[in-house]
Each structure stands twice: as C-alpha cells, then as structure tokens.
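Here's the letter readout for the chains.
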Amino acid sequence: MIFKALSILFWIIIELLADRYVLQGIRGAFKKWRLLQSKAFAIFYWTISALTVAALLTGGYITMAGTGVRAACLLITFILLICKFTFILFIFADDIRRKIVLKKKKAATAAATKTPDTAATATTIDAIPRSEFLLKAGLLAAAVPLAAIKKAMPKGSYDYHVLYKTMYLPNLPRAFDGLRLGQISDIHSGSFYNKKAVLGGVEMLLKEKTDLIFFTGDLVNGEASEMTDYQDIFTKVKAPLGVFSTLGNHDYGDYGDWDSPINKKKNHDDLIATHKNMGWDLLRNENRRLKIDGEEIGILGIENWSEYSRFPKYGRMDLAAKNTDDLPVKLLLSHDPSHWRAEVLPKYPQIDAMFAGHTHGMQFGVRTEHFQYSPITYVYNEWAGHYQEKMQQLYVNVGFGFVGLTGRVGILPEITIFTLKAGQDPSQPIS
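Residues numbered from 1 in each chain as written. Predicted model: local features only at pLDDT ≥ 70, side-chain atom pairs only at ≥ 80, totals over all residues. Heavy atoms only, no water.

**Focus: the overall build of the chain**
Looking only at helices and strands, the chain has eleven helices and 14 strands in total. If you line up the chain on its principal axes, its C-alpha atoms span 95 × 55 × 40 Å. Counting all 431 residues of the chain, 50% fall into the buried class. Contacts spanning at least 24 positions in sequence make up 76% of the contacts within the chain whose residues lie at least 6 apart. Accessible surface for the chain amounts to roughly 21000 Å². Of this, 61% is attributable to carbon and sulfur atoms. Each charge class in the chain can be summarised by its mean position, and for the 50 positive and 42 negative side chains these summaries are 12 Å apart. (Helix = DSSP H or I, 4+ residues; strand = E, 2+ residues; numbered from the N terminus. Buried < 20%, exposed > 50% of the residue type's maximum accessible area, 1.4 Å probe, protein only. Contact = heavy atoms within 4.5 Å. Areas by Shrake-Rupley, 256 points an atom, 1.4 Å probe, with all protein chains shown as cover. Lys, Arg positive; Asp, Glu negative; His and termini not counted. Charge placed at Lys NZ, Arg CZ, Asp CG, Glu CD.)

Set out below in structure tokens:
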C-alpha cells in the first residue's frame, strides 16, 4: 500500500511538472495569440491539469467509482502523459538550442564577464526567443501517439499469442506429471466483429493438443444471444480430459436493462445452456475429480467472487471445496483475481493453484517475457501472469477477447499452455 501511494504521488509530481513545462511550450509556440498568454487561459489549463490529477487519484484509490471507471481514468491519464512527454522532448530540444545560442552570445561578449550570475543568465535565456517552428512541430508530434494507439488497437484485437508456462506442484500425482493444460478467458463474444480471426485463435489453441482446457469466465458482454454467431466456433474447443468452465461478472446480465426478472433469468439460463451445448463442463460452486491411472486431482470452479463491491459475489468456496480433502492437488477456476488474496489465501490453504482472468491487463500497456506494466496495476495487485505466495499459486490470463476499448495495445490476447510438473520449482527457494 505504501509503495502504491508513493507511486501515485510520484506520478502526480511528474504530471504537474510536465504540465508546467507544456504550458511554457504552448505559449512559446503561439506567442502572438493573446488568449494563450492570458490569465484566463492559465486558469483553464490548470483546471484541466487538476482534473487529470483527480482522474489519476480516482483510478488509484477511489474504489467506489467502480473498476471500469477507475481503469478508464488511468488509461486517459497515461495516454495524456505519453502525448505530453512527446511534446516535452521538443521543448527540451528548444531549451538546448537556446542555451547554445546563449553560449555563442556570451563568447562573443566574453570581454564583459566570464561567469554571469544565475539571475542574469536566466534573464538572458528568456530573452532568446523560442523556435515557433520547433514547438509547433512538437505539438504535431504529440498527436502521433494518439494516432498510433488508434491504429494499433484494432490490429491488437485478434493478435493471439500463445504463452508457455511450467507450473510446479509438489503434491502432483505422478500420473499427472507432464500433463498439458490450456487456458483461455474473457471471450466477450459481443465485441467480436471478425469470425475468421476468432476461428484462427481457436485453431491456435487446438493445435497445442492439450490434455484439458480451462475457460475462466466472461463468455459474453451481457446477453447469451451474443454467442449465436460464435457457438459453432467455440464448440470446436475440445480436449481428451475435458473442457472446464466457470462464469464471470458479465455472464449474469447484471449490466443490462431487462424488461423483467424473468427475462433476465432466461438469459442466464440460455448462457448456461450454451456451455452445455458446446460440451463444456460448467462448474458453479462445485468440483470434479479428474482421474488418470487410479490417481486423482480436483478441479474446482466457483461463480464470480470479487473483492470489489461493484462486482457480484455469487461464488461459494465452501460448496466448491466440499468433499475434496482427500485430493492431493486442487486447481481452482475463479474469474476475478482479487478473490485469491481476499479469500483463497487466508481461508483455503488447500488450494494449490487458482486460474483467473477478468483484468484484460486493461488492454493497454507493455508486456514482454521479463517485464510488464499497465495502469491497471493501480487497481489490481495481481493482474497478469504468474504469482506465488508460499505454496499457493495464481495465474491471471489477460483474455481472449476485448470489451470497452475496441482493441488492444501492448497487452495482446492470450492463450496459455501450462505443463504441470510434480515437485518443487527449481527457481524457487526450498521451503
């Protein structure tokens, strides 16, 4: 929490310093525009700056605003920062130019004094006019990140990436050693607009020939009918040991306007039927025993459970974990990763690994093999990839589909392939 607070404070300071520098640049680029030189414009500008800081604080701290609103605030803030820093590069280049000009002028008049005082130097620098051309070019360049993001987002929508992970489970029965598990999450079929691309993603998953597959929630944006055009594609998702699925917050129709509770219930029933029609084993606060050569592990699945009040708590871990005490390994499907730290870690130490989705990595950020960053980190402690605390593990898949933003930048749609291994992770210290 302290690190998060310091991080937010750091960004606020950076934001304010950047805004001060940008204001100087704007006024320098349009020196003849009286409006931009006026006090009224300065008040307007700093009001916008204050609203940007408020958006940053909302994204980082105001939980009552809702996770979607917080993510949007963070996204807007960071996109604006990218644009500002692009412009700042040009202002900085102009400042260097002005210093070079100053140095030449000082050299030409070296007979006066060798080392003028700081105030005189600053006054002399201010007297050197800024390059309107350079600053106007900077403003134009500042628009480039916006254009690039707009162009990249649609391309990222269906740019499916297969990530390979090895998951070590000390109590894994030998019969399951080497088992290949696939995970997809957050299909959000209501956002799709390219069936051929979606089919390509499904074929990438099937090409991996996994032994079983997990789907960790959000099949639709809100209505079961969104799957009408895509059910035939996802029916192809099969595995020898089965496809196990669970529900996400969007799968209950809670965000729609329904004529009656009956219609809302029918929508939910239709969604449940869709899982069945596709041959997926939907786990609703229940578990299954997976058996190979006489040895068993448990597959548990709960309905949506979130730490945040905006999202529903339909999940019942007590029911999902019922009659599983004898199983050496228990794998949990739970849509929202906040469930792991809020309930699983403190109350269910017998859960070996949890598989989640939900965050989408905000569909915006940077993700490489050794580094990842997204503004969503200020909302969720665990938002993408593998996490471990003592003997319990969590994997957060950033999603197969997209919602809200029509596309992705940097955080691309994910198909995860796990190889389960018996024993201790060699990269971890022996406990």
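This is not the end of the story, as more comes after the structure.
**Some remarks on the UniProt feature "domain: Calcineurin-like phosphoesterase" (unreviewed entry) in the chain**
When the UniProt feature table is mapped onto this chain numbering, "domain: Calcineurin-like phosphoesterase" (unreviewed entry) sits at residues 180-361. As annotated, residues 180-361 comprises 26% helix and 21% strand, and the C-alpha atoms at either end are separated by 24 Å. (UniProt positions renumbered as here; feature names shortened; annotations may be inferred.)

**A look at the pairing of strand S7 (residues 295-301)**
Moving residue by residue along a regular strand, the side chains alternate between the two faces of the sheet. With five of seven residues buried, S7 lies mostly within the body of the structure. As defined by bridge partners, strand S6 (residues 286-292) adjoins S7 across seven bridges and the pair is classed as antiparallel. In the strand pairing of S7, Lys-291 is matched with Glu-296. Linking S6 to S7, which pair antiparallel, is a turn of two residues; within it Asp-293 sits at a positive phi near 50°. (Pairing = 2+ DSSP bridges.)

**Re the sheet that holds S6**
Taking strand neighbours across the sheet as the criterion, the six strands line up as S6-S7-S8-S9-S13-S12 in an open arrangement whose pairing is mixed. Where the open sheet ends on each side, the last strands, each with one partner, are S6 and strand S12 (385-389). Across the sheet, the axes of successive neighbouring strands diverge by a mean angle of 20°, strand direction being ignored. Sheet topology note: the S12/strand S13 (residues 392-396) ladder contains five bridges and is antiparallel. Across the sheet, Glu-389 pairs through a bridge with Gln-392, a residue of S13. (Axes fitted to C-alpha atoms, helices over the stretch in contact; angles between N-to-C directions.)

**Quick notes on the packing of aromatic side chains**
The tally for this structure, following the rule as stated, stands at 21 aromatic pairs. Taken together, a centroid distance of 5.8 Å and an interplanar angle of 80° make the contact between Tyr-158 and Phe-402 edge-to-face. Of this pair, Tyr-158 sits in the loop between helix H6 (132-156) and strand S1 (161-169) while Phe-402 is found in the loop between S13 and strand S14 (414-422), placing the two residues 244 residues apart along the sequence. Residue class for Tyr-158 comes out buried when judged on its relative accessible area of 14%. With a centroid separation of 5.0 Å and 85° between ring planes, the pair formed by Tyr-395 and Phe-418 is classed as edge-to-face. Remark: Phe-418 occurs in strand S14 and Tyr-395 occurs in strand S13; sequence separation between them is 23 residues. Overall, the relative accessible area of 1% leaves Phe-418 in the buried class. (Phe/Tyr/Trp six-rings, centres within 6.5 Å; stacked < 30°, edge-to-face > 60°.)

**Some details on the sheet that holds strand S3 (residues 212-216)**
Sheets are built from strands paired through backbone hydrogen bonds, the pairs being either parallel or antiparallel. Reading across from one edge, S1-S14-S2-S3-S4-S5 is the order of the six strands in this open sheet, with mixed pairing throughout. Either end of the sheet is taken by a strand with one partner, and the two such strands are S1 and strand S5 (281-282). Relative to S5, strand S4 (residues 243-246) is paired through two bridges, and the arrangement is parallel. Paired with Ser-245 across the two strands is Leu-282, which belongs to S5.

**Observations concerning the nonpolar core**
Nonpolar side chains tend toward joint burial in soluble globular proteins. In this structure, Leu-332, Trp-340, Ile-351, Met-354, Tyr-380, Trp-383 and Leu-394 are the most contacted members of the largest nonpolar core, which totals 39 residues. Looking at which element gives the most residues to this core, the answer is helix H4 (residues 67-108), with four residues. What Ile-351 contacts, discounting residues up to four positions off in sequence, is Leu-300, Met-317, Lys-330, Leu-332, Val-344 and Gln-392. Core analysis: the second largest hydrophobic core is formed by 33 residues, Ile-187, Leu-282, Phe-402 and Ile-417 among them. (Core = buried A, V, L, I, M, F, W, Y, C linked by side-chain atoms within 4.5 Å.)

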